[in-house]
Number of protein chains: 2
Amino acid sequence: MMRVKLTVAYDGTAYHGWQIQKNGNTIEGELNRHLSALLQEEIQVIGASRTDAGVHALCNVAVFDTDTRMPAGKISYALNQRLPEDIRIQDSRRVADDFHPRKCESIKTYEYKILRGTFPMPTERLYSHFIYTPLHVEWMREAAAYLEGKHDFKSFCSENSQAESTVRTIYRIELVEEGSMLKIRISGNGFLYNMVRILAGTLVECGKGRFPAERIQDILEARDRQAAGPTLPPQGLTLVAYRFL
Amino acid sequence: MMRVKLTVAYDGTAYHGWQIQKNGNTIEGELNRHLSALLQEEIQVIGASRTDAGVHALCNVAVFDTDTRMPAGKISYALNQRLPEDIRIQDSRRVADDFHPRKCESIKTYEYKILRGTFPMPTERLYSHFIYTPLHVEWMREAAAYLEGKHDFKSFCSENSQAESTVRTIYRIELVEEGSMLKIRISGNGFLYNMVRILAGTLVECGKGRFPAERIQDILEARDRQAAGPTLPPQGLTLVAYRFL
(Lines give C-alpha, C1' and ligand atoms only; values in the text may rest on other atoms or scores of the structure.)
Protein backbone atom coordinates (compact mmCIF):
# COMPACT_ATOMS: atom_id res chain seq x y z
CA MET A 1 0.00 0.00 0.00
CA MET A 2 1.14 3.52 -0.69
CA ARG A 3 -0.45 6.91 -0.15
CA VAL A 4 -0.43 9.20 -3.19
CA LYS A 5 -0.91 12.97 -3.20
CA LEU A 6 -2.46 14.62 -6.26
CA THR A 7 -2.34 18.31 -7.15
CA VAL A 8 -5.63 18.93 -8.92
CA ALA A 9 -6.55 21.88 -11.18
CA TYR A 10 -10.11 22.37 -12.36
CA ASP A 11 -12.57 24.72 -13.95
CA GLY A 12 -15.50 24.55 -11.53
CA THR A 13 -18.08 25.94 -13.98
CA ALA A 14 -19.68 22.59 -14.79
CA TYR A 15 -19.45 21.00 -11.31
CA HIS A 16 -21.51 20.95 -8.13
CA GLY A 17 -18.35 21.61 -6.15
CA TRP A 18 -15.68 19.29 -4.82
CA GLN A 19 -17.62 17.06 -2.46
CA ILE A 20 -19.56 14.03 -3.68
CA GLN A 21 -23.33 14.48 -3.84
CA LYS A 22 -26.26 12.31 -4.78
CA ASN A 23 -27.13 14.52 -7.75
CA GLY A 24 -24.70 16.30 -10.00
CA ASN A 25 -21.10 15.89 -11.05
CA THR A 26 -18.39 16.72 -8.53
CA ILE A 27 -14.61 16.87 -8.70
CA GLU A 28 -14.29 14.23 -5.97
CA GLY A 29 -16.71 11.97 -7.83
CA GLU A 30 -14.79 12.28 -11.11
CA LEU A 31 -11.48 11.54 -9.38
CA ASN A 32 -12.84 8.47 -7.55
CA ARG A 33 -14.46 7.09 -10.70
CA HIS A 34 -11.48 7.55 -13.04
CA LEU A 35 -8.86 6.50 -10.44
CA SER A 36 -10.84 3.33 -9.67
CA ALA A 37 -11.02 2.48 -13.38
CA LEU A 38 -7.34 3.26 -13.94
CA LEU A 39 -5.97 1.37 -10.94
CA GLN A 40 -8.57 -1.44 -11.02
CA GLU A 41 -9.41 -1.03 -7.34
CA GLU A 42 -11.93 0.98 -5.34
CA ILE A 43 -10.35 4.41 -4.72
CA GLN A 44 -11.73 7.13 -2.45
CA VAL A 45 -9.79 10.37 -2.35
CA ILE A 46 -9.55 12.72 0.64
CA GLY A 47 -9.70 16.34 -0.48
CA ALA A 48 -7.91 19.26 1.14
CA SER A 49 -10.31 22.11 0.25
CA ARG A 50 -13.92 21.24 -0.42
CA THR A 51 -14.60 24.08 -2.83
CA ASP A 52 -18.19 25.15 -3.61
CA ALA A 53 -20.10 24.77 -6.86
CA GLY A 54 -18.62 27.03 -9.55
CA VAL A 55 -15.35 27.73 -7.68
CA HIS A 56 -12.08 27.00 -9.54
CA ALA A 57 -8.71 25.65 -8.40
CA LEU A 58 -5.20 25.68 -9.80
CA CYS A 59 -3.82 23.42 -7.09
CA ASN A 60 -6.28 21.69 -4.80
CA VAL A 61 -4.90 18.59 -3.10
CA ALA A 62 -6.25 15.05 -2.80
CA VAL A 63 -4.71 11.94 -1.29
CA PHE A 64 -5.62 8.27 -1.64
CA ASP A 65 -4.27 4.83 -0.79
CA THR A 66 -3.55 2.25 -3.47
CA ASP A 67 -1.95 -1.15 -3.98
CA THR A 68 -1.01 -0.35 -7.57
CA ARG A 69 2.46 -1.08 -8.90
CA MET A 70 2.25 2.00 -11.13
CA PRO A 71 4.91 4.51 -9.96
CA ALA A 72 3.19 7.41 -8.15
CA GLY A 73 4.75 9.95 -10.51
CA LYS A 74 3.13 8.28 -13.56
CA ILE A 75 -0.42 8.41 -12.19
CA SER A 76 -0.83 12.07 -13.22
CA TYR A 77 -0.12 11.23 -16.88
CA ALA A 78 -2.35 8.16 -16.95
CA LEU A 79 -5.22 9.79 -15.07
CA ASN A 80 -5.19 12.89 -17.30
CA GLN A 81 -5.83 10.60 -20.28
CA ARG A 82 -9.16 9.66 -18.69
CA LEU A 83 -10.34 12.84 -16.97
CA PRO A 84 -12.57 15.41 -18.71
CA GLU A 85 -10.60 18.40 -19.98
CA ASP A 86 -11.89 20.71 -17.22
CA ILE A 87 -9.95 18.66 -14.63
CA ARG A 88 -6.17 18.17 -14.93
CA ILE A 89 -3.78 16.60 -12.42
CA GLN A 90 -0.71 18.85 -12.17
CA ASP A 91 1.41 16.49 -10.07
CA SER A 92 1.25 13.06 -8.41
CA ARG A 93 3.72 11.78 -5.82
CA ARG A 94 4.03 9.35 -2.97
CA VAL A 95 3.67 10.80 0.55
CA ALA A 96 3.97 9.40 4.08
CA ASP A 97 1.24 6.86 4.94
CA ASP A 98 -0.14 9.13 7.68
CA PHE A 99 -0.22 12.35 5.60
CA HIS A 100 -3.73 13.85 5.83
CA PRO A 101 -4.26 17.11 3.93
CA ARG A 102 -6.89 18.50 6.32
CA LYS A 103 -4.92 17.66 9.46
CA CYS A 104 -1.71 19.31 8.30
CA GLU A 105 -0.84 22.93 8.90
CA SER A 106 -0.97 24.76 5.60
CA ILE A 107 -1.13 28.12 3.90
CA LYS A 108 -3.90 28.43 1.34
CA THR A 109 -4.22 31.34 -1.04
CA TYR A 110 -7.48 32.22 -2.75
CA GLU A 111 -7.92 34.86 -5.41
CA TYR A 112 -11.21 36.65 -5.99
CA LYS A 113 -11.30 38.44 -9.35
CA ILE A 114 -13.51 41.47 -9.95
CA LEU A 115 -13.90 42.98 -13.41
CA ARG A 116 -14.82 46.67 -13.35
CA GLY A 117 -16.29 48.53 -16.29
CA THR A 118 -19.37 49.70 -18.12
CA PHE A 119 -20.17 46.28 -19.55
CA PRO A 120 -19.02 42.74 -18.74
CA MET A 121 -16.32 41.13 -20.92
CA PRO A 122 -17.54 37.74 -22.23
CA THR A 123 -14.12 36.03 -22.14
CA GLU A 124 -13.80 36.84 -18.41
CA ARG A 125 -17.34 35.94 -17.36
CA LEU A 126 -16.59 32.41 -16.14
CA TYR A 127 -13.65 33.45 -13.95
CA SER A 128 -14.56 36.83 -12.49
CA HIS A 129 -17.40 38.85 -10.98
CA PHE A 130 -18.46 41.98 -12.85
CA ILE A 131 -19.06 45.24 -10.96
CA TYR A 132 -20.35 48.40 -12.63
CA THR A 133 -20.02 50.76 -9.63
CA PRO A 134 -16.55 52.36 -9.31
CA LEU A 135 -14.45 50.99 -6.44
CA HIS A 136 -12.00 53.01 -4.37
CA VAL A 137 -9.24 50.47 -4.09
CA GLU A 138 -7.35 52.44 -1.43
CA TRP A 139 -10.38 52.23 0.89
CA MET A 140 -10.46 48.48 0.28
CA ARG A 141 -6.76 48.24 1.19
CA GLU A 142 -7.38 50.12 4.44
CA ALA A 143 -10.24 47.77 5.28
CA ALA A 144 -8.18 44.69 4.37
CA ALA A 145 -5.52 45.71 6.92
CA TYR A 146 -8.09 45.22 9.73
CA LEU A 147 -8.74 41.67 8.55
CA GLU A 148 -5.14 40.49 8.58
CA GLY A 149 -4.08 38.54 11.66
CA LYS A 150 -5.77 36.04 13.98
CA HIS A 151 -9.46 36.83 14.48
CA ASP A 152 -12.79 35.21 15.16
CA PHE A 153 -14.30 35.28 11.67
CA LYS A 154 -17.81 34.17 12.72
CA SER A 155 -19.30 37.24 10.96
CA PHE A 156 -17.65 36.07 7.72
CA CYS A 157 -19.07 32.57 7.78
CA SER A 158 -22.35 31.30 6.30
CA GLU A 159 -24.88 30.34 8.96
CA ASN A 160 -24.97 26.69 7.97
CA SER A 161 -21.29 26.13 8.72
CA GLN A 162 -20.46 23.22 11.02
CA ALA A 163 -17.01 24.47 12.03
CA GLU A 164 -16.27 24.05 15.76
CA SER A 165 -14.05 27.10 16.05
CA THR A 166 -14.46 30.18 13.90
CA VAL A 167 -11.00 31.54 14.74
CA ARG A 168 -8.65 31.68 11.76
CA THR A 169 -5.47 33.52 10.80
CA ILE A 170 -5.24 35.62 7.64
CA TYR A 171 -1.58 36.10 6.79
CA ARG A 172 -2.04 38.60 4.01
CA ILE A 173 -4.61 40.32 1.81
CA GLU A 174 -3.27 41.87 -1.37
CA LEU A 175 -5.26 43.93 -3.87
CA VAL A 176 -3.68 43.82 -7.31
CA GLU A 177 -5.00 45.92 -10.22
CA GLU A 178 -4.35 44.74 -13.78
CA GLY A 179 -6.20 47.16 -16.03
CA SER A 180 -9.89 46.83 -15.26
CA MET A 181 -9.36 43.55 -13.37
CA LEU A 182 -9.01 43.77 -9.58
CA LYS A 183 -7.59 40.68 -7.86
CA ILE A 184 -8.11 40.18 -4.13
CA ARG A 185 -5.57 37.62 -2.95
CA ILE A 186 -6.11 36.23 0.53
CA SER A 187 -3.66 33.87 2.27
CA GLY A 188 -4.57 32.12 5.48
CA ASN A 189 -4.24 28.97 7.55
CA GLY A 190 -7.81 27.96 6.75
CA PHE A 191 -11.13 29.40 5.70
CA LEU A 192 -14.69 28.95 6.96
CA TYR A 193 -17.66 28.14 4.73
CA ASN A 194 -18.05 30.92 2.13
CA MET A 195 -15.53 33.02 4.06
CA VAL A 196 -13.49 34.30 1.10
CA ARG A 197 -16.62 35.25 -0.86
CA ILE A 198 -18.00 37.14 2.17
CA LEU A 199 -14.63 38.84 2.80
CA ALA A 200 -14.56 39.93 -0.85
CA GLY A 201 -18.18 41.11 -0.64
CA THR A 202 -17.39 43.15 2.49
CA LEU A 203 -14.30 44.72 0.91
CA VAL A 204 -16.42 45.68 -2.10
CA GLU A 205 -18.87 47.47 0.24
CA CYS A 206 -15.86 49.40 1.59
CA GLY A 207 -14.70 50.17 -1.97
CA LYS A 208 -18.14 51.56 -2.82
CA GLY A 209 -18.01 53.79 0.26
CA ARG A 210 -20.95 52.05 1.93
CA PHE A 211 -18.79 50.79 4.84
CA PRO A 212 -15.93 52.91 6.20
CA ALA A 213 -12.73 50.87 6.66
CA GLU A 214 -12.96 51.05 10.48
CA ARG A 215 -16.33 49.26 10.30
CA ILE A 216 -14.37 46.03 9.82
CA GLN A 217 -13.50 46.05 13.53
CA ASP A 218 -17.21 46.28 14.46
CA ILE A 219 -18.07 43.51 11.99
CA LEU A 220 -15.44 41.20 13.50
CA GLU A 221 -16.66 41.96 17.04
CA ALA A 222 -20.33 41.43 16.13
CA ARG A 223 -19.76 37.70 15.45
CA ASP A 224 -22.90 37.93 13.31
CA ARG A 225 -23.16 37.11 9.60
CA GLN A 226 -25.69 39.94 9.16
CA ALA A 227 -23.02 42.52 10.04
CA ALA A 228 -20.77 41.70 7.06
CA GLY A 229 -21.29 42.35 3.33
CA PRO A 230 -22.88 39.99 0.78
CA THR A 231 -21.50 36.65 -0.39
CA LEU A 232 -20.12 37.29 -3.87
CA PRO A 233 -20.87 34.70 -6.59
CA PRO A 234 -18.64 31.62 -6.90
CA GLN A 235 -17.18 32.07 -10.39
CA GLY A 236 -14.85 34.88 -9.28
CA LEU A 237 -13.08 32.59 -6.80
CA THR A 238 -10.03 30.42 -7.50
CA LEU A 239 -7.80 28.47 -5.13
CA VAL A 240 -4.41 29.57 -6.46
CA ALA A 241 -1.79 28.28 -4.01
CA TYR A 242 -1.55 25.54 -1.38
CA ARG A 243 1.49 25.02 0.78
CA PHE A 244 1.90 22.44 3.56
CA LEU A 245 4.13 23.52 6.44
CA MET B 1 -31.75 56.99 -41.15
CA MET B 2 -28.56 56.79 -39.17
CA ARG B 3 -25.55 54.50 -39.31
CA VAL B 4 -24.53 53.01 -35.94
CA LYS B 5 -21.18 51.47 -35.07
CA LEU B 6 -21.02 48.72 -32.43
CA THR B 7 -17.94 47.53 -30.60
CA VAL B 8 -18.61 43.85 -30.00
CA ALA B 9 -16.88 41.52 -27.49
CA TYR B 10 -17.52 37.80 -27.56
CA ASP B 11 -16.39 34.42 -26.36
CA GLY B 12 -16.24 32.45 -29.60
CA THR B 13 -16.34 29.01 -27.92
CA ALA B 14 -19.99 28.30 -28.69
CA TYR B 15 -20.17 29.93 -32.15
CA HIS B 16 -19.49 28.92 -35.74
CA GLY B 17 -17.58 32.17 -36.20
CA TRP B 18 -18.74 35.65 -37.11
CA GLN B 19 -20.32 35.15 -40.49
CA ILE B 20 -23.91 33.93 -40.92
CA GLN B 21 -24.25 30.29 -41.98
CA LYS B 22 -27.12 28.00 -42.78
CA ASN B 23 -26.32 25.76 -39.82
CA GLY B 24 -24.98 26.86 -36.48
CA ASN B 25 -25.08 30.00 -34.35
CA THR B 26 -22.91 32.90 -35.43
CA ILE B 27 -22.13 36.29 -33.91
CA GLU B 28 -23.52 38.09 -36.95
CA GLY B 29 -26.70 36.03 -36.76
CA GLU B 30 -27.22 36.81 -33.07
CA LEU B 31 -26.66 40.53 -33.65
CA ASN B 32 -29.09 40.67 -36.59
CA ARG B 33 -31.76 38.75 -34.72
CA HIS B 34 -31.61 40.71 -31.46
CA LEU B 35 -31.16 44.11 -33.14
CA SER B 36 -34.17 43.45 -35.39
CA ALA B 37 -36.29 42.52 -32.37
CA LEU B 38 -35.08 45.52 -30.35
CA LEU B 39 -35.50 48.12 -33.09
CA GLN B 40 -38.59 46.54 -34.69
CA GLU B 41 -37.09 46.65 -38.17
CA GLU B 42 -35.00 44.28 -40.29
CA ILE B 43 -31.35 44.91 -39.37
CA GLN B 44 -28.30 43.47 -41.14
CA VAL B 45 -24.93 44.33 -39.66
CA ILE B 46 -21.69 44.67 -41.62
CA GLY B 47 -18.79 43.15 -39.69
CA ALA B 48 -15.21 44.38 -39.72
CA SER B 49 -13.35 41.10 -38.98
CA ARG B 50 -15.07 37.87 -39.90
CA THR B 51 -13.44 35.76 -37.20
CA ASP B 52 -13.41 31.96 -37.47
CA ALA B 53 -15.27 29.46 -35.32
CA GLY B 54 -13.85 29.42 -31.79
CA VAL B 55 -11.94 32.71 -32.12
CA HIS B 56 -12.66 35.41 -29.51
CA ALA B 57 -12.86 39.20 -29.71
CA LEU B 58 -12.66 42.03 -27.21
CA CYS B 59 -13.52 44.70 -29.79
CA ASN B 60 -14.76 43.56 -33.16
CA VAL B 61 -16.74 46.20 -35.05
CA ALA B 62 -20.12 46.06 -36.76
CA VAL B 63 -22.18 48.81 -38.38
CA PHE B 64 -25.82 48.94 -39.42
CA ASP B 65 -28.41 51.43 -40.63
CA THR B 66 -31.59 52.12 -38.69
CA ASP B 67 -34.57 54.45 -38.59
CA THR B 68 -34.95 54.12 -34.83
CA ARG B 69 -35.42 57.15 -32.61
CA MET B 70 -33.44 55.45 -29.84
CA PRO B 71 -30.21 57.43 -29.28
CA ALA B 72 -27.25 55.51 -30.71
CA GLY B 73 -25.45 55.54 -27.35
CA LYS B 74 -28.36 53.74 -25.65
CA ILE B 75 -28.44 50.83 -28.09
CA SER B 76 -25.52 49.10 -26.31
CA TYR B 77 -27.45 48.99 -23.01
CA ALA B 78 -30.70 47.83 -24.57
CA LEU B 79 -29.08 45.23 -26.83
CA ASN B 80 -27.01 43.74 -23.97
CA GLN B 81 -30.29 43.02 -22.15
CA ARG B 82 -31.22 40.68 -24.99
CA LEU B 83 -27.92 39.14 -26.08
CA PRO B 84 -26.61 35.87 -24.61
CA GLU B 85 -23.94 36.45 -21.96
CA ASP B 86 -21.11 35.34 -24.27
CA ILE B 87 -21.69 38.43 -26.47
CA ARG B 88 -21.53 41.95 -25.02
CA ILE B 89 -21.64 45.28 -26.85
CA GLN B 90 -18.93 47.50 -25.37
CA ASP B 91 -19.94 50.70 -27.15
CA SER B 92 -22.52 52.02 -29.63
CA ARG B 93 -22.33 55.36 -31.42
CA ARG B 94 -23.48 57.13 -34.54
CA VAL B 95 -20.98 57.32 -37.42
CA ALA B 96 -20.96 58.96 -40.85
CA ASP B 97 -23.48 57.43 -43.26
CA ASP B 98 -20.72 56.24 -45.58
CA PHE B 99 -18.52 54.65 -42.89
CA HIS B 100 -17.73 51.06 -43.91
CA PRO B 101 -15.49 49.10 -41.51
CA ARG B 102 -13.89 46.93 -44.21
CA LYS B 103 -13.18 49.84 -46.57
CA CYS B 104 -11.47 52.00 -43.95
CA GLU B 105 -7.77 51.89 -43.20
CA SER B 106 -7.28 50.35 -39.79
CA ILE B 107 -4.83 48.76 -37.41
CA LYS B 108 -5.97 45.45 -36.01
CA THR B 109 -4.21 43.66 -33.19
CA TYR B 110 -4.62 39.96 -32.56
CA GLU B 111 -3.21 38.06 -29.61
CA TYR B 112 -2.39 34.36 -29.77
CA LYS B 113 -1.95 32.83 -26.29
CA ILE B 114 0.19 29.76 -25.72
CA LEU B 115 0.29 28.01 -22.35
CA ARG B 116 3.52 26.13 -21.73
CA GLY B 117 3.92 23.42 -19.10
CA THR B 118 3.78 19.76 -18.24
CA PHE B 119 -0.04 19.63 -18.15
CA PRO B 120 -2.78 21.95 -19.45
CA MET B 121 -4.51 24.29 -16.97
CA PRO B 122 -8.31 23.82 -17.15
CA THR B 123 -9.19 27.48 -16.48
CA GLU B 124 -7.07 28.55 -19.50
CA ARG B 125 -8.19 25.85 -21.94
CA LEU B 126 -10.88 27.91 -23.72
CA TYR B 127 -8.60 30.90 -24.35
CA SER B 128 -5.15 29.46 -25.07
CA HIS B 129 -3.30 26.67 -26.88
CA PHE B 130 -1.29 24.28 -24.72
CA ILE B 131 2.25 23.28 -25.73
CA TYR B 132 4.32 20.73 -23.85
CA THR B 133 7.59 21.16 -25.77
CA PRO B 134 9.83 23.95 -24.39
CA LEU B 135 9.98 27.04 -26.60
CA HIS B 136 13.03 29.28 -27.04
CA VAL B 137 11.30 32.63 -27.02
CA GLU B 138 14.41 34.49 -28.21
CA TRP B 139 14.46 32.40 -31.40
CA MET B 140 10.79 33.26 -31.89
CA ARG B 141 11.58 36.98 -31.50
CA GLU B 142 14.35 36.72 -34.11
CA ALA B 143 11.94 35.02 -36.49
CA ALA B 144 9.20 37.58 -35.80
CA ALA B 145 11.51 40.40 -36.86
CA TYR B 146 11.58 38.94 -40.41
CA LEU B 147 7.78 39.08 -40.56
CA GLU B 148 7.38 42.73 -39.64
CA GLY B 149 6.89 45.11 -42.56
CA LYS B 150 5.10 44.92 -45.91
CA HIS B 151 5.30 41.45 -47.45
CA ASP B 152 3.42 39.05 -49.66
CA PHE B 153 1.98 36.67 -47.03
CA LYS B 154 0.67 34.08 -49.51
CA SER B 155 2.57 31.34 -47.62
CA PHE B 156 0.67 32.31 -44.45
CA CYS B 157 -2.78 32.05 -45.96
CA SER B 158 -5.08 29.01 -46.15
CA GLU B 159 -5.51 27.68 -49.69
CA ASN B 160 -9.21 28.40 -49.82
CA SER B 161 -8.75 32.14 -49.35
CA GLN B 162 -10.46 34.37 -51.90
CA ALA B 163 -8.31 37.44 -51.26
CA GLU B 164 -7.27 39.28 -54.43
CA SER B 165 -3.95 40.50 -53.08
CA THR B 166 -1.93 38.64 -50.47
CA VAL B 167 0.27 41.63 -49.63
CA ARG B 168 -0.22 42.95 -46.11
CA THR B 169 1.74 45.07 -43.64
CA ILE B 170 2.58 43.81 -40.17
CA TYR B 171 3.43 46.81 -37.99
CA ARG B 172 4.64 44.90 -34.97
CA ILE B 173 4.96 41.44 -33.44
CA GLU B 174 5.52 41.36 -29.69
CA LEU B 175 6.16 38.25 -27.60
CA VAL B 176 5.14 38.78 -23.99
CA GLU B 177 5.80 36.18 -21.28
CA GLU B 178 3.58 36.15 -18.19
CA GLY B 179 4.65 33.15 -16.16
CA SER B 180 3.92 30.06 -18.25
CA MET B 181 1.68 32.03 -20.64
CA LEU B 182 3.28 33.30 -23.85
CA LYS B 183 1.33 35.97 -25.72
CA ILE B 184 2.09 36.65 -29.39
CA ARG B 185 0.62 40.06 -30.24
CA ILE B 186 0.48 40.92 -33.94
CA SER B 187 -0.63 44.31 -35.27
CA GLY B 188 -1.25 44.87 -38.94
CA ASN B 189 -3.36 46.64 -41.53
CA GLY B 190 -5.22 43.45 -42.36
CA PHE B 191 -4.90 39.68 -42.18
CA LEU B 192 -5.54 36.90 -44.68
CA TYR B 193 -7.66 33.82 -43.96
CA ASN B 194 -6.08 31.95 -41.00
CA MET B 195 -2.99 34.18 -41.28
CA VAL B 196 -2.49 34.87 -37.55
CA ARG B 197 -2.89 31.19 -36.63
CA ILE B 198 -0.35 30.19 -39.33
CA LEU B 199 2.07 32.95 -38.25
CA ALA B 200 1.79 31.70 -34.66
CA GLY B 201 2.27 28.09 -35.78
CA THR B 202 5.36 29.07 -37.76
CA LEU B 203 6.84 31.02 -34.84
CA VAL B 204 6.27 27.97 -32.63
CA GLU B 205 8.27 25.85 -35.09
CA CYS B 206 11.08 28.39 -34.72
CA GLY B 207 10.76 28.27 -30.91
CA LYS B 208 11.07 24.48 -30.98
CA GLY B 209 14.22 24.77 -33.09
CA ARG B 210 12.65 23.05 -36.09
CA PHE B 211 12.94 26.18 -38.27
CA PRO B 212 15.91 28.55 -37.92
CA ALA B 213 14.80 32.19 -37.75
CA GLU B 214 16.26 32.96 -41.22
CA ARG B 215 13.92 30.35 -42.71
CA ILE B 216 11.15 32.97 -42.48
CA GLN B 217 12.65 34.75 -45.50
CA ASP B 218 12.49 31.55 -47.56
CA ILE B 219 8.91 30.90 -46.42
CA LEU B 220 7.83 34.40 -47.48
CA GLU B 221 9.54 34.00 -50.86
CA ALA B 222 8.04 30.56 -51.49
CA ARG B 223 4.49 31.99 -51.69
CA ASP B 224 3.36 28.46 -50.82
CA ARG B 225 1.24 27.47 -47.80
CA GLN B 226 3.22 24.22 -47.52
CA ALA B 227 6.39 26.12 -46.66
CA ALA B 228 5.01 27.60 -43.42
CA GLY B 229 4.21 25.95 -40.09
CA PRO B 230 0.84 24.49 -39.02
CA THR B 231 -2.37 26.44 -38.39
CA LEU B 232 -2.74 26.57 -34.61
CA PRO B 233 -6.21 25.89 -33.14
CA PRO B 234 -8.72 28.77 -32.93
CA GLN B 235 -9.29 29.03 -29.17
CA GLY B 236 -5.87 30.65 -28.59
CA LEU B 237 -6.75 33.60 -30.80
CA THR B 238 -8.41 36.85 -29.68
CA LEU B 239 -8.94 40.10 -31.57
CA VAL B 240 -7.76 42.53 -28.87
CA ALA B 241 -7.59 45.97 -30.51
CA TYR B 242 -9.13 47.70 -33.52
CA ARG B 243 -8.29 51.23 -34.54
CA PHE B 244 -9.58 53.10 -37.58
CA LEU B 245 -7.15 55.60 -39.09
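See the structure printed just above.
## Observations regarding the packing of helix H3 (residues 137-147) of chain B against helix H5 (residues 215-222) of chain B
Residues and elements named next belong to chain B.
Logical step 1: Running from N to C, H3 and H5 point in directions that differ by 35 degrees, and their axes come no closer than 8 Å. Here the hand of the crossing between H3 and H5 comes out right-handed. Of H5, the residues touching H3 (which contributes Ala143, Tyr146 and Leu147) are Ile216, Gln217 and Leu220.

## Quick notes on unusual backbone geometry
Logical step 1: One non-glycine residue with positive phi stands out, namely Gln40 of chain A, at about 60 degrees.
Logical step 2: Mapped onto the fold, Gln40 of chain A is located in the loop between helix H1 (27-39) and strand S2 (46-47).
Logical step 3: Overall, the relative accessible area of 68% leaves Gln40 of chain A in the exposed class.
Logical step 4: With a phi angle near 50 degrees, Arg223 of chain B is a residue other than glycine that sits in the positive phi range.
Logical step 5: Looking at the element boundaries, Arg223 of chain B is found in the loop between H5 and strand S10 (237-244).
Logical step 6: Judged by its relative accessible area of 42%, Arg223 of chain B falls in the partly exposed class.

## Some words on the packing of H1 of chain A against helix H2 (residues 72-82) of chain A
Relative orientation and spacing of two packed helices are given, respectively, by the angle between their axes and the distance between those axes.
Residue and element names in this part refer to chain A.
Logical step 1: Taken N-terminus to C-terminus, the directions of H1 and H2 make an angle of 115 degrees; their axes are 10 Å apart at the nearest point. Here H2 runs roughly perpendicular to H1, going by the angle between their axes. The way H1 lies across H2 gives a crossing that is right-handed. Contacts between H1 and H2 involve Leu31, His34, Leu35, Ala37 and Leu38 on the former and, on the latter, Ile75, Ala78, Leu79 and Arg82.
Logical step 2: Residue composition of the contact of H1 with H2, by class: seven nonpolar, one polar and one charged.

## Comments concerning the interface of chain A and chain B
Accessible area lost when the parts come together is the quantity often used to give the size of an interface.
Logical step 1: With 24 residues of chain A at the interface, the matching set in chain B holds 24 residues.
Logical step 2: Summed over both partners, the interface of chain A with chain B comes to about 2000 Å²; 66% of that surface belongs to carbon and sulfur atoms.
Logical step 3: Our count for the chain A to chain B interface comes out at four salt bridges.
Logical step 4: With a shortest N-O distance of 2.9 Å, Arg125 of chain B and Asp11 of chain A are connected by a salt bridge.
Logical step 5: Inspection of the chain A/chain B interface yields four residue pairs in polar contact (both at pLDDT 80 or more).

## A few points about the relation of the copies chain A and chain B
Logical step 1: Note on the identical chains: chain A maps onto chain B by a rotation of 180 degrees and an axial translation of 0.0 Å, with an RMSD of 0.0 Å. Those values place the two copies in the arrangement expected of a two-fold rotation axis.
Logical step 2: In this assembly, 100% of the residues forming the interface of chain A have copies in chain B that are likewise at the interface, indicating an isologous arrangement.

## A look at H1 of chain A
Residues and elements named next belong to chain A.
Logical step 1: Given a rise of 1.5 Å per residue, 13 residues ought to cover 18 Å, and the 18 Å separating the end C-alpha atoms of H1 matches this to within 8%.
Logical step 2: Among the residues making up H1, those that are buried are Ile27, Glu28, Glu30, Leu31, Asn32, His34, Leu35, Ser36, Leu38 and Leu39.
Logical step 3: Elements in contact with the buried residues of H1: strand S1 (2-10), strand S3 (56-66), H2 and strand S4 (87-95).
Logical step 4: Capping the start of H1 is the job of one residue whose side-chain oxygen sits 3.0 Å from the backbone nitrogen of Gly29: Thr26.
Logical step 5: Immediately downstream of H1, the backbone of Gln40 shows phi near 60 degrees, a positive value.

Parameters at a glance
Residues numbered from 1 in each chain as written. Chains lettered and ligands numbered in written order. Predicted model: local features only at pLDDT ≥ 70, side-chain atom pairs only at ≥ 80, totals over all residues. Heavy atoms only, no water. Axes fitted to C-alpha atoms, helices over the stretch in contact; angles between N-to-C directions. Helix = DSSP H or I, 4+ residues; strand = E, 2+ residues; numbered from the N terminus. Left-handed = near helix turned anticlockwise from the far one by under 90°. Contact = heavy atoms within 4.5 Å. Buried < 20%, exposed > 50% of the residue type's maximum accessible area, 1.4 Å probe, protein only. Parallel < 35°, antiparallel > 145°, perpendicular 65-115°, else oblique. Nonpolar A, V, L, I, M, F, W, Y, C, P; charged D, E, K, R; others polar. Buried area = accessible area lost by both parts, 1.4 Å probe. Salt bridge = Lys/Arg side-chain N within 4 Å of Asp/Glu carboxyl O. Polar contact = N/O pair within 3.5 Å; in protein donor to acceptor, adjacent residues only side chain to side chain. Least-squares fit on C-alpha atoms with pLDDT ≥ 70 in both. Expected span 1.5 Å × (residues − 1).

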